[in-house]
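This is what each chain is made of:
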Amino acid sequence: MKIIVLSLFILELFIGLTVVIGDDDDDDDDANEADEETEAEMDSYVYQSNPDSNYGGYDYLRVGGPPGRYVTYIYFDFDDEPDDWKEVEISLDLFEIDETMDVNLFEASSVWEELTITWNNRPAVGGLIETFKASSEGNYKFDVSDQVEDLLDDDEEGIAICLNLSSTYTGFGDIYMYSEEGAYYGNKPPLLIWTYDLTVNVDYGMIVFLILIILIPIVTVSVLLILYFTIWRKKAPRKPVVPPKDVVTPTQPSRAEPSPTPTSIKICANCGERIPPNSKTFCPNCGNKILQEKIEFCPSCGNKVPPNANFCEKCGNDID
């Protein structure tokens with residue numbers, strides 16, 4: 001009984017610890033991830049027809065055709081970089097898309113200022129990150145993990161991008177997106193989204209407290225059960241142990257085997273062969289005359305006795 005109670009106690013303890021600490025092995029990977037959003041530090045667009053004008057204070061950004069007519073520049077710093085990030089994306093909210101257009105997303109130089117950038121002093125454009133098709137309003141995301149990693153390796157403090165229309169576009173459509181100033185009106189500005197592994201900060205004091213809350217009633221109940229069964233076993237009368245009785249198997253008396261009935265046998269004196277009882281004068285084997293009439297046996301012990309003997313030499317009984 002003590003073993004059963006102890007086993008139940010260990011089982012309840014294990015269940016309690018599982019409930020308190022939790023088992024994260026079956027959780028999805030997404031449950032262990034989190035996002036850190038960084039709003040654009042600088043953003044502006046430049047206009048080819050007004051090459052010395054600055055639009056850094058506007059609440060929207062603009063990309064339009066023909067190619068090069070309106071070009072947008074955005075800069076994000078790395079101040080909010082998580083230690084264990086695994087992916088970086090740029091998020092843009094596009095609206096008022098006149099028609100389906102192919103838009104180029106380039107990496108750009110970060111040497112420019114939001115309130116002084118113009119068409120004439122716009123920064124140089126670097127490598128192409130992606131060309132995407134803008135066809136409807138909504139949120140568009142672009143993976144820039146490789147570019148960010150290279151910039152961090154070069155000790156850069158941020159990433160700048162440039163958006164313009166593909167050279168294959170010949171129309172006059174425009175695309176608008178919200179700027180950092182537009183966020184004040186409840187709209188989403190350009191974002192740099194860091195995805196990183198979520199590290200759970202364990203409050204060990206709270207865990208110990210919860211374990212004690214679970215263990216105290218379990219230990220109390222287990223001790224009471226042990227005491228109860230211990231006292232009950234001492235008070236309970238014990239039945240005397242009766243040894244099993246020996247069982248005697250009756251034996252059958254042995255029966256004496258009957259002695260074989262002696263018979264008279266005639267033997268030929270010439271060839272030594274036995275002579276059948278019906279042969280009285282001549283031996284059927286050699287044809288000689290039977291000289292020895294018979295050899296007798298004692299009817300009591302079966303011993304061979306000489307012919308014409310009256311008593312057995314072995315047991316002394318009368319042969320007749």
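Up top you'll find the structure we're talking about.
Reading guide: rules and limits
Residues numbered from 1 in each chain as written. Predicted model: local features only at pLDDT ≥ 70, side-chain atom pairs only at ≥ 80, totals over all residues. Heavy atoms only, no water. Helix = DSSP H or I, 4+ residues; strand = E, 2+ residues; numbered from the N terminus. Buried < 20%, exposed > 50% of the residue type's maximum accessible area, 1.4 Å probe, protein only. Contact = heavy atoms within 4.5 Å. Core = buried A, V, L, I, M, F, W, Y, C linked by side-chain atoms within 4.5 Å. Phe/Tyr/Trp six-rings, centres within 6.5 Å; stacked < 30°, edge-to-face > 60°. Lys NZ or Arg CZ within 6 Å of the ring centre and 35° of its normal. Pairing = 2+ DSSP bridges. Patch = residues over 30% accessible without salt bridge, like charges linked within 9 Å, V, L, I, M, F, W, Y side chains within 5 Å. Areas by Shrake-Rupley, 256 points an atom, 1.4 Å probe, with all protein chains shown as cover. Salt bridge = Lys/Arg side-chain N within 4 Å of Asp/Glu carboxyl O. Lys, Arg positive; Asp, Glu negative; His and termini not counted. Charge placed at Lys NZ, Arg CZ, Asp CG, Glu CD. Arc of directions from axis to C-beta.

(A) Expanded view of the overall build of the protein chain. Along the protein chain, the regular secondary structure elements total 3 helices and 15 strands. A buried classification covers 34% of the 320 residues belonging to the protein chain. Partitioning the contacts of the protein chain with sequence separation of at least 6, the portion at a separation of at least 24 is 73%.

(B) Structural view of the nonpolar core. Counting residues in hydrophobic clusters, the biggest one holds 34 residues, and the most contacted among them are Leu94 and Leu163. In terms of residues, this core owes the most to one element, strand E5 (residues 85–95), which gives 5 residues. When residues no more than four places from it in sequence are discounted, the contact partners of Leu163 are Val63, Tyr70, Val71, Thr72, Ile74, Leu92, Val103, Asn104, Leu105, Phe132 and Met177. In this structure, Met42, Val71, Tyr73 and Trp112 belong to the second largest nonpolar core, which totals 12 residues.

(C) Representation of the packing of aromatic side chains in the model. In total, this model carries 15 aromatic pairs according to the counting rule given. Ring centres 5.6 Å apart and planes at 75° place the aromatic pair Tyr58 and Tyr60 in the edge-to-face group. What makes Tyr58 partly exposed here is its relative accessible area of 35%. Within the aromatic cluster, the residues linked to one another by ring pairs are Tyr45, Tyr47, Tyr55, Tyr58, Tyr60, Tyr70, Phe95, Tyr176 and Tyr178. A cation over a ring is seen here: Arg62 above Tyr70, with NZ or CZ 3.8 Å from the ring centre.

(D) Region of the structure containing the pairing of strand E10 (residues 174–178). The element E10 is largely enclosed, with a buried count of 4 among its 5 residues. Bridge analysis of strand E3 (residues 60–64) against E10 gives 5 bridges, and the strand direction is antiparallel. In the sheet register, Val63 faces E10, and the bridge partner there is Ile175. Sheet topology places E5 next to E10; 2 bridges connect them, and they run antiparallel. Bridge pairing in E10 places Leu94 opposite Met177.

(E) Spotlight on a nonpolar patch on the surface. A contiguous nonpolar patch, built from Val219, Val223, Leu224, Leu227 and Ile231 and spanning about 420 Å² of accessible area, is present on the exposed surface. Turning to its location among the elements, Val219 is positioned in helix H3 (residues 204–235). A residue is classified by how much of its surface remains accessible, and Val219, at 37% relative accessible area, is partly exposed.

(F) Looking closely at the pattern of salt bridges. Enumeration over the complete set of coordinates arrives at 4 salt bridges. Note that Lys133 is salt-bridged to Asp102, the shortest N-O span being 2.8 Å. Here the residue Lys133 occupies a position in strand E7 (residues 125–134), and Asp102 occupies one in strand E6 (residues 101–108), the gap between them amounting to 31 residues. The class of Asp102 is partly exposed, set by a relative accessible area of 25%.

(G) Looking closely at a negative patch on the surface. On the surface, Glu41, Asp79, Asp80, Asp143, Asp146, Glu149, Asp150, Asp153, Asp154, Asp155, Glu156 and Glu157 cluster together to form a negatively charged patch. Mapped onto the elements of the fold, Asp146 is located in helix H2 (residues 145–153). In this structure Asp146 comes out as exposed when scored by relative accessible area, which is 55%.

(H) Representation of H2 in the model. Those residues of H2 lying buried are Ser145, Gln147, Val148 and Leu151. The buried residues of H2 occupy an angular sector of 165° when projected down its axis, which confines them to one face. Counted as exposed and oriented over 90 degrees from the buried face of H2: Asp146 and Asp153. At its buried positions, H2 is contacted by E5, E6, E7, strand E8 (138–143), strand E9 (158–165) and strand E11 (191–197). Just downstream of H2 lies Asp155, where phi reads positive at about 60°.

(I) Structural detail: the pairing of E5. Summarising burial for E5: 9 of the 11 residues are buried, a large majority. As judged from the 6 bridges shared by E5 and E11, these two strands associate in the antiparallel manner. Paired with Ile90 across the two strands is Leu192, which belongs to E11. Relative to E8, E5 runs antiparallel, the two being bridged by 6 bridges. Within E8, the residue paired with Glu89 across the bridge is Asp143.

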